[in-house]
Structures are given as structure tokens and as C-alpha cells.
Amino acid sequence: MQWKYMLGVDIGTTSTKAVLFTKKGEFVKKVSKGYPLYSPTPSVAEQDPDAIFRAVMLAIGEVMIESGIEKEELGFISFSSAMHSVIAVDENGVPLTKSITWADNRSVKYADQLKKSPRGQQVYQRTGTPIHPMSPLAKLMWLKEEHTHVFAKTAKFLGIKEYIFYKLFNEYVMDYSLASATGMFNIEKLTWDEEALEIAGVQADRLPKLVPTTYMFKELNEDMASKLNISPNTPFVIGASDGVLSNLGLNAIKPGVLAVTIGTSGAIRTVSDRPITDPKGRTFCYALTENHWVVGGPVNNGGITFQWARDQFGQLEIQKAKAGGEDPYELLTAMAEQIAPGADGLIFHPYMAGERAPLWNAEARGSFFGLALHHTRAHFVRAVLEGVMYNLYSVMLALQELVGEPKKIHASGGFVRSKLWRQIMADVFNQEVMIPESYESSSLGAAVLGLYALGEVESLEVVEQMVGSTNKLEPIEENVKVYEELMGIFLSVSRKLEDDYHRIAKYQRKHLDE
């Protein structure tokens, strides 16, 4: 039987999505399975790796059943995954830790020490991963110093996708893409970096085997295949990280095209045919394939800040939404839409969870600036939406120094459902914003990479035929002028507060982590 469908699986921070596409990239069916994030203190952000594995199994199994397709009609399964997680496992593959996620900041002291040393900049230049607590390199430094018993007992250090593939195929493998986000992978040599491993205190044999993003597994045991409702012969393509695959799924792989994604967190990325690092250490460089390198900057504070605003300022809207079967976010954006661009001079710095690009300061903290008696709840909501965009634009300014001014922006993530937020992006960036029909960019990117791995297509640019129709937003000139004036204030305030970020973070750790 000729296969007709392909499955992209996206292992995210809050859920795993299994998205079924036709061979031509048409959306068929999606199943999503969520799991909790454990954050008992502001510095901790962990997850249960077995809960995520169960979510992967359930999502794949259910999408196969609910779609009603035959097992033999599925051509392959290809994977996308969140970056920077660390799981320590013993010699039997049993976890000794939870999955320590990108948002976990307990290694901040060790990241700061390395960042301030000459070795830190050298390691960044070779690995493309900024020195920050998100990095597995910093996490291993912390484990080595503060959890010596666990560190000594660990047979392998993995990320969440590597753990899932171990559970499926009993092998420890890591694709070049996720490896390039560890801070320990030499992006020129495509090998583990010797100095980074020395800093982390590990030998290469305590890390997974490195493989290209097109690497495939073809023999799943029958019991596991039965649970997934697939044929044991179905190829599994290891795939890449969610960020680089989002670029692919957005058809943002040509020079000059910028991909902007806002989910829980956010990122700005563009593609180069070679690795590029920033002399100032502000941007990352991660692999998609050996010939496609994604350069950009991630932010911690995307949709999570709007969620915070909903919970703190939107109780009336939450109650109204429950009573009327509406979406509280839509009610809040409708309220914010009544406020003029610029929120009448209320500026929000969205560093609620520290910040990665462009500050790379885990101790940065959020603030409202310009608050006056005329400001209302609606102003606060609008300021939050604008603050997230100001911050993303500041990342774009750093990226622009390396690759030039973008020609167009392709946007994705949950934020694109909000017409107001989309327009704020177009106005802040003063660029035409393109939004593809499918929001599932990482899953589609995984599927396209799978097609490429199987030799079904000669180029990744086939995605251009799959993204569907796009919505376009043009910047509104009078709004652009407002945001240009306020952007300078946004940047100035965040720089002036740098020392105070450390002071307030120290105070918070003292009083909240006890």
C-alpha cells in the first residue's frame, strides 16, 4: 500500500502535539496532551519525564485512531522538541532527576561565573549557545557542584527527546540540532566540544551519540507499535528542535526572511547556510541540517506574561467568559483595543521570568514605567501586549547587526489568534507581517524534514507549497511613530536597571526560596 500521511510530533514545554498531515502537507488531525510544570520556588522549573513520555504515546495513538487511517498509510513519524532540558539517568536508564527545563534558573551562579570568564566567550563562539542558566552546560556545572551524589551516579545526561527515543528504541542518540543548544557542541566540527565537556565535568561517553537531524529508526518492537496503533516498520525520524523546525514550517528558510514565534515564550530567528555567532554573545546559532543554521534570540516572556495579566487584571473577564462561553483573552484584547497605541505612556518590561535575549540576564525582573493616575486596567493589558513586542524588537536589533535588515516577517504561535497583537507586531517592527494558514509550524517543519530524510523531496523549500494561504498585516504609519518614540525609552530604562535587577533578584531569592 502506498503511504499517504505523515505525522509531526512536537514535544513542547506544556504539551505534546501529534499533528497528522497528508503527503502534500495538508492538515488532517491534531491531538494534544498536556502535563504540569513543577515550580515550587521561582528558581525551579521541572517536569516528570515519564509523564511526557506517556503524553507522546497517547497523542500518537489517539491521532491514529481518531483520524481513522490505516497503519500502512502512515509514511513516517518525525519529531520536534523543546530545547535545553537535562535528565540524569542511571545505568539502567532510570531517571535520577526530573526533566530540568530551559526555564530552571538554579544554575545562575555558575552561568554568571562562566560568562564573566574569558573561557565563557570562547565556548560561546564555538558552540553558538549563549552562556545562561537555560544551557545544559550550566545545569551540569550546577549538578556537579551542588548534587555531587547524583552527578557521580549518572550514567547518561539526556534531554527529553533523547529520553523518549531511549524508551522507544533503547538507544541514546541526540540530533545535531538539540546538541547545538546544549552549549557543549562544536558547531564547526559537529562534535562534542572538548573544553565545554571539561567545564561540565563529563566525558563524551556520558552524553548521547550525535546524529544528523535526518537520522532514522525503522524497527519498533511490536508491543510498543501496538500501543501507538502504528506498524512496527514505520520509520521514526529523529528530527530537530522546535525553534528551527518552526522556521521551516513557516517557510522562513530563505535569506532575509525572519520568523517570529510567540507561544509560552518567544523567539526571533533567521536561516543562514553557515554558522554565525555574535561577538557580543546576544544570539544563538542552532542546526537545522548541516547546511541550514538558524540564528536568532529567544525570550522567556511571551504568552506567559499575557496569562499573568489575565490572572491579575482580568478576573471580571474570566467570570464573564465562563458565563457566556467566551474566551477571556479575547475579552481582554477587546478592552485593550480601546486604548491608544503606546498605552498613554505606560511601558511594560516583561522580564517576569528573567530574560534570555537580548539581556541574557536570569535576574532581570518585570516593571511598569510611566504609571500615572490616568492609567486603568485596560492600559495595563495593552502595555503588557506592547512590552512583549518591544522586547522582541530589541532582539531583532541585535540580529540585524549580524544578518542585515529583514525583508519580511513570518509569524506563528498562539498570539496570532489576536488581531490586536498581530497589528502591534506590524507597527512595532514597521514591517509587513505574514501569517500562514497553519499555526502548527514546528509539527509541519518536522514532517517536511521527515520527507527530506526519506528522500521524498530534494529540498526543504518544498514547504513553500504546504504552508497554505497567508494573512498579511501592514504597519499603520501613525502607530509606527508612537512606538519608535517609546522604544527608545523602553531600551534606556532596561539598561539603567541592570544593577538593580541583581539586587531585587537577590532579595527575592532570600525571601521566596526559603
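Refer to the structure printed above.
The text that follows walks through the structure, step by step, so that each part is easy to find. (Residues numbered from 1 in each chain as written. Predicted model: local features only at pLDDT ≥ 70, side-chain atom pairs only at ≥ 80, totals over all residues. Heavy atoms only, no water.)

1. Brief notes about the layout of surface pockets
Consideration 1: Each pocket or cavity is described by its volume, and for the second largest pocket that value is around 430 Å³.
Consideration 2: Looking at the lining of the second largest pocket, the elements with two or more residues in it are α2 (108-116), α14 (377-403), α17 (477-496) and α18 (498-512).
Consideration 3: By residue number, the principal contributor to the lining of the second largest pocket is α14, which donates four residues.
Consideration 4: Its residues assigned to classes, the lining of the second largest pocket comprises seven nonpolar, four polar and eight charged. (1 Å grid on protein atoms, 1.4 Å probe; cavity = no way out; pocket = protein on both sides within 12 Å on 5 of 7 lines; lining within 4 Å. Points joined across faces, edges and corners; volume = space filled by probe spheres on them. Helix = DSSP H or I, 4+ residues; strand = E, 2+ residues; numbered from the N terminus. Nonpolar A, V, L, I, M, F, W, Y, C, P; charged D, E, K, R; others polar.)

2. Thoughts on the pattern of salt bridges
Consideration 1: All told, the structure shown has 25 salt bridges when counted by the stated rule.
Consideration 2: A salt bridge links arginine 282 to glutamate 401; its shortest N-O distance comes to 2.8 Å. Here glutamate 401 lies in helix α14 and arginine 282 lies in the loop between β16 (266-272) and β17 (284-289), a separation of 119 residues in the sequence.
Consideration 3: Its relative accessible area of 15% is what places arginine 282 among the buried residues.
Consideration 4: A cluster of three or more residues bridged by salt bridges with shared partners is formed by Arg119, Arg126, Asp193, Glu195 and Glu198. (Salt bridge = Lys/Arg side-chain N within 4 Å of Asp/Glu carboxyl O. Buried < 20%, exposed > 50% of the residue type's maximum accessible area, 1.4 Å probe, protein only.)

3. Some points on the packing of helix α1 (residues 49-67) against helix α6 (residues 160-169)
Consideration 1: At a minimum axis separation of 10 Å, α1 and α6 run at an interaxial angle of 65°. One way to sum up the angle between α1 and α6 is to call them roughly perpendicular. Regarding α1 and α6, the two cross each other, and that crossing is right-handed. For the pair α1 and α6, contact is made by Pro49, Asp50, Ile52, Phe53, Val56 and Met57 and by Ile160, Tyr163, Ile164, Lys167 and Leu168, respectively.
Consideration 2: For the contact of α1 with α6, the class distribution of residues is nine nonpolar, no polar and two charged. (Axes fitted to C-alpha atoms, helices over the stretch in contact; angles between N-to-C directions. Parallel < 35°, antiparallel > 145°, perpendicular 65-115°, else oblique. Left-handed = near helix turned anticlockwise from the far one by under 90°. Contact = heavy atoms within 4.5 Å.)

4. A look at the sheet that holds β16
Consideration 1: Across the sheet, seven strands lie side by side as β17-β18-β16-β15-β21-β22-β23; this open sheet has mixed pairing. Edge positions in the open sheet fall to β17 and β23 (470-473), since each of these has one partner strand only. Within this sheet the neighbouring strands show an average axis-to-axis angle of 30°, counted without direction.
Consideration 2: Taken together, the five bridges between strand β15 (residues 257-262) and strand β21 (residues 408-412) define a ladder with parallel strand orientation. The residue of β21 that forms the bridge with valine 260 is alanine 411.
Consideration 3: Docked against the sheet, helix α15 (residues 419-429) engages β15, β16, β21, β22 (433-436) and β23, running at close to 55° with respect to β23. (Pairing = 2+ DSSP bridges.)

5. Points about the environment of glutamate 91
Consideration 1: On the secondary structure map, glutamate 91 appears in the loop between β6 (87-89) and β7 (99-100).
Consideration 2: In sequence terms glutamate 91 and glutamate 461 are 370 residues apart; their C-alpha atoms lie 42 Å from each other.

6. Things to note about the packing of aromatic side chains
Consideration 1: Scanning the model with the defined rule gives 27 aromatic pairs in all.
Consideration 2: Arranged with centres 4.8 Å apart and planes meeting at 65°, the rings of phenylalanine 368 and phenylalanine 380 form a pair that is edge-to-face. Highlighted residues: phenylalanine 368 in strand β20 (residues 367-369) and phenylalanine 380 in helix α14, separated in sequence by 12 residues.
Consideration 3: Judged by relative accessible area, phenylalanine 368 falls into the partly exposed class, the value being 25%.
Consideration 4: By relative accessible area, phenylalanine 380 is classed as buried at 15%.
Consideration 5: One aromatic cluster is present, formed by Phe79, Phe165, Phe169, Tyr215, Phe217 and Phe236 through successive ring pairs.
Consideration 6: Positioned over the ring face of phenylalanine 53 is lysine 167, at 5.2 Å from the centre of the ring. (Phe/Tyr/Trp six-rings, centres within 6.5 Å; stacked < 30°, edge-to-face > 60°. Lys NZ or Arg CZ within 6 Å of the ring centre and 35° of its normal.)

7. What to know about the nonpolar core
Consideration 1: Membership of the largest hydrophobic core comes to 121 residues, with the highest contact counts inside it found for Met389, Met425 and Phe429.
Consideration 2: The biggest single contributor to this core is α14, with 14 residues.
Consideration 3: Methionine 389 has contacts with Ile262, Phe415, Trp421, Ile424, Met425, Val428 and Phe429, leaving out every residue within four places of it along the chain.
Consideration 4: Counting 42 residues, the second largest nonpolar core, distinct from the first, contains Ala18, Met64, Ile87 and Ile164. (Core = buried A, V, L, I, M, F, W, Y, C linked by side-chain atoms within 4.5 Å.)

8. Concerning the pairing of strand β5 (residues 74-81)
Consideration 1: The element β5 is largely enclosed, with a buried count of eight among its eight residues.
Consideration 2: Strand direction decides the pairing type here: strand β1 (residues 5-11) and β5, joined by six bridges, are parallel. In the sheet register, isoleucine 11 faces β5, and the bridge partner there is serine 81.
Consideration 3: Relative to strand β14 (residues 236-241), β5 is paired through four bridges, and the arrangement is parallel. Considered in β14, the bridge of serine 80 is made with alanine 240.

Fair warning: the whole summary comes from geometry, so function is off the table for now.
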